[in-house]
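Close look at the chain arrangement
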Amino acid sequence: MRTIARAVPPRPVLITAVALTTAAGSLLLQPRPADATPRPVPRRGSAPDPVTRAGSDPAGRDGSGTVVRDGSGPVVREGSGPDHHVGLAPAAVAQRALTATVPRTDPRLGYPRRHLLSADPANPADASRELGLTPYDALAPRLNSLQRLGDRVSAEVAGVSAGGHRLYLVTVTAPETADQATAQERMRDLIENAPVTAAKSTEIRTSYKTPVLVDDNIHGDEREGTDASLDLIQQLATANDARTKDLLAHSRLYFDITANPDGRIADTRANANGFDLNRDLITASQPETRTIRRLTIDKQPAVLLDLHGHVNGTLIEPTTPPHGENYEYDLFLKNTYANALGMESAVNGLGYTPAKDGVSPARIPFRDQTEGWDDWPPVFTPQYAAFQGAVAAHTVEIPLQVNNEAYDTLPTAELRRRAAINVAVAGAALRATLDFARSHRSSLIADQIELFRRGVAGAEQVPVSARTVPGVPGIGPEDVYTTAFPRAYTIAADTAGARLVAHLLANDVHVLRAATGAYVVDMHQPKRGLANALLADGRDISGKVSAMYDISAWSLGRLWGATVDPVTALPGTPLTAVSAPSPVAYVAPHGDLRLRLTDPAEFAALNSLLRQGIPVRRAADGSAIVPEPRTAPEAEASRTKVTEAAKAYDVAFEATSLNGTTPLRATRVAAAVTPGELFALREMGFDVTPVTTDILNAGFDWSKADVLFVSAELAYDGLTPAARTALGAFLSAGHGLVGRGVTGAAFASATGLLTATPVEGTEEANGVVRVADSGPLTNGAPRYGFVYAPVWFTGLGAGVRVEQSYATGNPLLAGHWRTRADGSGGPADAAGRPSVVSGRHAVLFGTEPLFRDHPKGELPQVGRALFTMAQTSDGTRATAHASSGSVEESG
């Protein structure tokens, strides 16, 4: 814990007065009279109130780390730690997520933009009903009625969830003609791409509407923000007071009404694919997060509010250190802290008390806590939005738990009492934010312009201090994080590079193409902070804080398989802006064809061909060889299928003289894996059937599988004798095991498939690590890996090969990896130790090659392992003993 004492003066007046008028007729509803005595502002650092890592709260929690306490004691991190839950989503849901696109509306259309939304079938099982909240099937009718209230409300479909539910965007603003909307879009573009001109524009200063984006219900079982937004929209649709009219004349208010309808209906934190969407912003693997990304880019909000639950008392950003080093944090802190004070006042002004209502006063972590609720990674919506122009962005955790254990155990009346309080708290935060946006619109837009100006000019960041952010209490050296931006990055033009470039463009990062063919990311651009956050190595912050809220490193430059290099000068060749990467797809006109299998897209292409019956063999270097058929008709048919696959997956089939030796076949995977791993396997085109201990005990049909992958919720000791016998028969027939982490290693040991002792590093350790590849499974893999709760292997049995090891010295490139109190479990213990091992019958990973579908460059290691363990079917892999169900090595 940090021990720096912070002297906090009386609550400051910041920028301009932030006191919120609550008189009748104002934008804010009249609050309930307060019956709690005012509390003093704690000294930050003098009375630590850390955010506890998931799993350490003795009061109990659900598996995601969501708070289940009544307000006393530390705040429990939500969704922290490695993911141990098994993924069970059907393949159709993954396919929808992989193919779903985000619809776009012409920004030049005027307002209102009325859309008659079709009704969904009534769903009595929607978990929202138990809480007295709006079920998903009632949203379309409610939004239709709100649009009929006047000319201020527009509702449209902004996307579709993984589960197939519509994602609604509601816009509230004063009416605009098409010409006025076109002018707004022109000014928005000027702010981003010509900020020096924008700063001098009288039109922007007087006519530009401040964009405010509210993101509701990104965690499906944290629903109350949706209902608070619906209530506020209804009020805004009809209020005729001067403040409301002024707000809507000078603002566009956007509401992502339910960012996670799948979870809202099913009472799950995750979407239908099992993804925590508020960890997916930089990967954007899910359609819901791609929708949030597109809304954030297109609307360019100056202010963003992301409504969550449940932490008592209500947590309101800004956060504890460490702060993301790529932000223009002085601008962000100035506005986010000012708005937090207004939200705190509004929430406390509702008059709820611990004694009467079970509601503790609101807290601002930057001021009231020391560490553990940080804004370091851009995986969260507000942190991502900060790179897209939001100079005030907040996660707000409303107070009273109504999900998880509470939902299952509390009486309906108590759940509804809590939910009503939560809706009121969310509503107070919303109204305070809108009042802040109205009263500070000039400075908010000026700061957004300055954020983009610094990027375009390549200006230095401004470190936060009492001088640069006057009025914010307790700023200390522990809050100062800046970085040195390179002049540019270059990206090689291959399959992995093309995917990375497409991803950068989707994030509104500008990319150029050099005459040499390489891509160039000029860091003198509006969104240089996001470009650097995505491409840079990151930083080892192990010594900065003792605990982190979520992942601490995520480098696309190191983990996505592309060749990415920072450079000190732009290339001397001509540079051309690109709107899409150039296609990589290629098929040599004659001869045998080679597919490298070092990228997930190449595995997807391979699996597509295998499903169509195209003969493919594996070469000694691990690549796939498509032999040219001997007859002309067969050759033409094969070339047609290969060409279709090359175009579909943007991969290259090159002419080769290599001979394929081992026939490959379509591989079916039985997988006890996390949701992110399940999705990554399907992204590579594998046919995957999820399994668990219970599924195997119920009588699993092993004829549907060729290989078993285990990393979560499958315990050999938990299998019935019949299930063990069936498993043994499967393994004895030549099918092998791929395992990850201690769960996979334990399964390999229990079945006798591979002898290796897993050693666990500290559970919360995570980051990008240096690795040394030494085996065929890791041939062509990046020299970097990702870990969360890293594992390495000792006590290797006879015939066990080291495929990959942690680098010697300090293997941690970037992230947070500390030792335990006794000095064990740190990176020094892992240095030089095996991270991936293999035998004839099993492959074990100690890294996280499929983590949240993020480290794209590592996915092929698992693909190769699956093919290797599935293809040997000569019966010598293992011998099953029907009497016990155990398995021994043989041959």
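All figures in this text were calculated on a predicted structure; none of them were measured in a lab. (Residues numbered from 1 in each chain as written. Predicted model: local features only at pLDDT ≥ 70, side-chain atom pairs only at ≥ 80, totals over all residues. Heavy atoms only, no water.)

Focus: the overall build of the protein chain
Defined as follows: Runs of H or I in DSSP of at least four residues are treated as helices and runs of E of at least two as strands, each being numbered from the N terminus. Contacts are assigned to residue pairs that have any heavy atoms within 4.5 Å of one another. For accessible areas, the Shrake-Rupley method is used with a probe of radius 1.4 Å. Any residue's cover is judged against the shown protein chains and nothing else.
In terms of helices and strands, the protein chain carries 27 helices and 36 strands. Contacts in the protein chain between residues far apart in sequence, at least 24 positions, make up 80% of those at least 6 positions apart. About 30,300 Å² of surface is accessible on the protein chain, with carbon and sulfur atoms providing 54% of the total.

Overview of the packing of helix α2 (residues 139–147) against helix α6 (residues 224–238)
Note the threshold: The angle between two axes is taken between their N-to-C directions and runs from 0 to 180 degrees, where each axis is a line fitted to C-alpha atoms and a helix contributes only its stretch in contact. Angle categories: roughly parallel below 35 degrees, roughly antiparallel above 145, roughly perpendicular from 65 to 115, and oblique for all the rest. Handedness of a helix crossing follows the sense of rotation of the near helix relative to the far helix, less than a right angle counterclockwise being left-handed and clockwise being right-handed. Note on residue categories: nonpolar means Ala, Val, Leu, Ile, Met, Phe, Trp, Tyr, Cys or Pro, charged means Asp, Glu, Lys or Arg, and polar means any other residue, Gly included.
Packing of α2 against α6 leaves a shortest axis separation of 10 Å and a crossing angle of 20 degrees. By the angle class used here, α2 and α6 are roughly parallel. Judged by the sense of rotation from one axis to the other, the crossing of α2 with α6 is left-handed. Side by side, α2 and α6 meet where Leu139, Arg142, Leu143 and Leu146 of the first sit next to Thr226, Leu230, Asp231, Ile233 and Gln234 of the second. For the contact of α2 with α6, a count of residues per class yields five nonpolar, two polar and two charged.

A look at the layout of surface pockets
The gaps left among the atoms become clear once a water-sized probe is rolled over them. Test applied: Cavities and pockets are found on a 1 Å grid laid over the protein atoms alone: a cavity is a set of points where a 1.4 Å probe fits but cannot escape, a pocket is an open set with protein on both sides within 12 Å along at least five of seven lines, and a lining residue has an atom within 4 Å of such a point. Grid points are joined across faces, edges and corners, and a volume is the space filled by probe spheres set on the points.
The volume enclosed by the largest pocket comes to roughly 1,300 Å³. Of all the secondary-structure elements, those providing two or more residues to the lining of the largest pocket are α1 (91–99), α9 (287–299), α17 (495–506), α20 (600–611), α21 (632–649), α22 (675–683) and β24 (687–690). Along the lines of polarity and charge, the residues of the lining of the largest pocket split into 20 nonpolar, eight polar and twelve charged.

A look at the packing of helix α10 (residues 329–348) against helix α15 (residues 412–439)
In a pair of packed helices, the angle between the axes and the distance between the axes together describe the arrangement. The geometry of α10 relative to α15 is characterised by a closest axis approach of 8 Å and an angle of 135 degrees between their N-to-C directions. On the basis of the axis angle, α10 is oblique to α15. Relative to α15, the crossing made by α10 is right-handed. Between α10 and α15, the contacting residues are Asn335, Ala338, Asn339, Gly342, Met343, Ala346 and Val347 on the first element and Val425, Ala428, Ala429, Ala432, Thr433 and Phe436 on the second. In terms of residue class, the contact of α10 with α15 is built from nine nonpolar, four polar and no charged.

Considerations on the confidence of the model for the protein chain
Our working definition: How sure the predictor is of each residue is captured by pLDDT, a score from 0 to 100.
Mean pLDDT over the protein chain stands at 90; residues scoring 70 or higher make up 89%. Under a pLDDT of 50 for its full length, residues 1–77 has, in the predicted model, 209 contacts with residues more than four places off or in other chains. Low pLDDT, under 50, characterises residues 873–891; the stretch is placed with 58 contacts to residues that sit more than four places away or in other chains.

Some remarks on the sheet that holds strand β14 (residues 519–522)
Let me state the cut-off plainly: At least two bridges found by DSSP between two strands is the condition for calling them paired.
In space, the five strands of this open sheet follow the order β15-β12-β14-β13-β16, with antiparallel pairing throughout. Lying at the two open borders of the sheet, with one neighbouring strand each, are β15 (564–567) and β16 (575–577). In this sheet, neighbouring strand axes are inclined to one another by 30 degrees on average, regardless of whether the strands run parallel or antiparallel. Two strands pair when backbone bridges link them, and strand β12 (residues 488–491) and β15 are joined in this way by four bridges, in the antiparallel orientation. Bridging across to β15, Ile491 finds its partner in Val564.

Observations concerning the sheet that holds strand β4 (residues 166–172)
Strand order in the open sheet formed by seven strands is β3-β4-β6-β5-β7-β11-β8, with mixed pairing between adjacent strands. In the strand order of this sheet, the two ends are held by β3 (153–160) and β8 (315–316), each with one partner. Examined bridge by bridge, strand β5 (residues 210–216) and strand β6 (residues 251–256) share six bridges and lie parallel to one another. For Val214, the partnering residue across the bridge sits in β6 and is Phe255. Strands β3, β4, β5 and β6 of the sheet are contacted by α9, whose axis makes an angle of about 20 degrees with β4.

Let's talk about the pairing of strand β21 (residues 652–655)
As judged from the two bridges shared by strand β17 (residues 586–587) and β21, these two strands associate in the parallel manner. Bridging from a neighbouring strand, Tyr586 pairs with Ala652 of β21. Pairing geometry for strand β18 (residues 593–595) and β21, over two bridges, is antiparallel. Residue pairing across strands places Leu593 opposite Ala655, the latter belonging to β21.

A look at the pattern of salt bridges
The condition is simple: In the sections that follow, a salt bridge refers to a side-chain nitrogen of Lys or Arg positioned within 4 Å of a carboxyl oxygen of Asp or Glu. Buried, partly exposed and exposed residues are distinguished by accessible area as a fraction of the type maximum, computed with a 1.4 Å probe on protein chains only: under 20%, between the cut-offs, and over 50%, respectively.
Counted according to the given criterion, the structure contains 47 salt bridges. Put simply, Arg186 and Glu203 hold a salt bridge, and the shortest N to O gap is 3.0 Å. With a gap of 17 residues between them, Arg186 in helix α3 (residues 178–193) and Glu203 in helix α5 (residues 202–207) connect regions that are remote in the sequence. Note on Glu203: relative accessible area 31%, which makes it partly exposed. For Glu848, the salt bridge is made with Arg740, and the minimal N-O distance between the two is 3.2 Å. Of this pair, Glu848 sits in the loop between β34 (842–845) and α27 (859–871) while Arg740 sits in strand β26 (residues 737–740), and the two are 108 residues apart along the sequence. With a relative accessible area of 5%, Glu848 lands in the buried category.

Focus on the packing of aromatic side chains
Worth spelling out the cut-off: Two rings from Phe, Tyr or Trp (for Trp, the six-membered ring) form a pair when their centres sit within 6.5 Å of each other. Planes less than 30 degrees apart are called stacked, planes more than 60 degrees apart edge-to-face, and all others tilted. Placement of a positive charge over a ring is assigned whenever Lys NZ or Arg CZ falls within 6 Å of the ring centre and within 35 degrees of the normal to the ring plane.
By the definition in use, this model includes 20 aromatic pairs. Consider the rings of Phe700 and Trp702, whose centres lie 4.9 Å apart with planes at 85 degrees: the pair is edge-to-face. Trp702 shares its class with Phe700; the two are buried. Here Tyr716 and Phe747 contribute two aromatic rings whose centre-to-centre distance is 5.9 Å and whose plane-to-plane angle is 80 degrees, an arrangement assigned as edge-to-face. With Tyr716 in the loop between β25 (707–710) and α24 (721–732) and Phe747 in helix α25 (residues 741–750), this pair connects stretches of sequence that are 31 residues apart. Site record: aromatic cluster; members linked through ring pairs are Tyr327, Tyr329, Phe332 and Phe387. The lysine or arginine in question, Arg113, covers the ring of Tyr111, its NZ or CZ lying 4.0 Å from the ring centre. When the ring centre of Trp560 is taken as origin, the NZ or CZ atom of Lys856, which lies over that ring, is 5.8 Å away.

A word on the nonpolar core
Put simply, the test is: Residue types Ala, Val, Leu, Ile, Met, Phe, Trp, Tyr and Cys, when buried and joined through side-chain atoms within 4.5 Å, form a set referred to as a nonpolar core.
Ranked by size, the top nonpolar core spans 157 residues in total, and within it Phe255 and Val521 carry the most contacts. In terms of residue count, α15 provides more of this core than any other element does, 13 residues in total. Apart from the residues lying within four places of it in its own chain, the contact partners of Val521 are Arg487, Ala488, Tyr489, Ile491, Leu504, Val509, His510, Val511, Ala531 and Leu535. Formed by 46 residues, the second largest nonpolar core is a distinct cluster that contains Leu664, Val738, Leu777 and Val862.

Let's talk about empty space enclosed by the protein
The final tally for this structure, using the stated rule, is seven cavities of 30 Å³ or more. The computed volume of the largest cavity comes to approximately 100 Å³. In terms of lining residues, the largest cavity is bounded by 13 residues, among which Glu325, Asn326, Trp376, Ala533 and Trp554 are the most central. Of the residues in the lining of the largest cavity, the class split is six nonpolar, five polar and two charged.

What to know about α9
Put simply, the rule is: One fewer than the residue count of a helix, multiplied by 1.5 Å, yields its expected span.
The terminal C-alpha atoms of α9 lie 18 Å apart, and with 13 residues this matches the ideal 18 Å at 1.5 Å per residue to within 8%. Taken across its 13 residues, α9 has twelve buried, putting it largely inside the fold. The first or second residue beyond α9 is Gln300, which carries a positive phi of 50 degrees.

Considering α25
Each α-helix winds once per 3.6 residues, and so residues spaced three or four apart point in a common direction. To keep things clear, this is the line we draw: An arc is given here, and it is the one of the directions from the helix axis to the C-beta atoms.
All buried positions along α25 are accounted for by Gly741, Gly744, Ala745, Phe747 and Ala748. Seen from one end, α25 has its buried residues packed into an arc of 160 degrees, which puts them on one side. Tucked into the core, α25 has its buried residues touching β25, α24, β26, β27 (757–760), β30 (791–794) and β34. Looking one or two residues beyond α25, the residue adopting positive phi is Gly752, at roughly 70 degrees.

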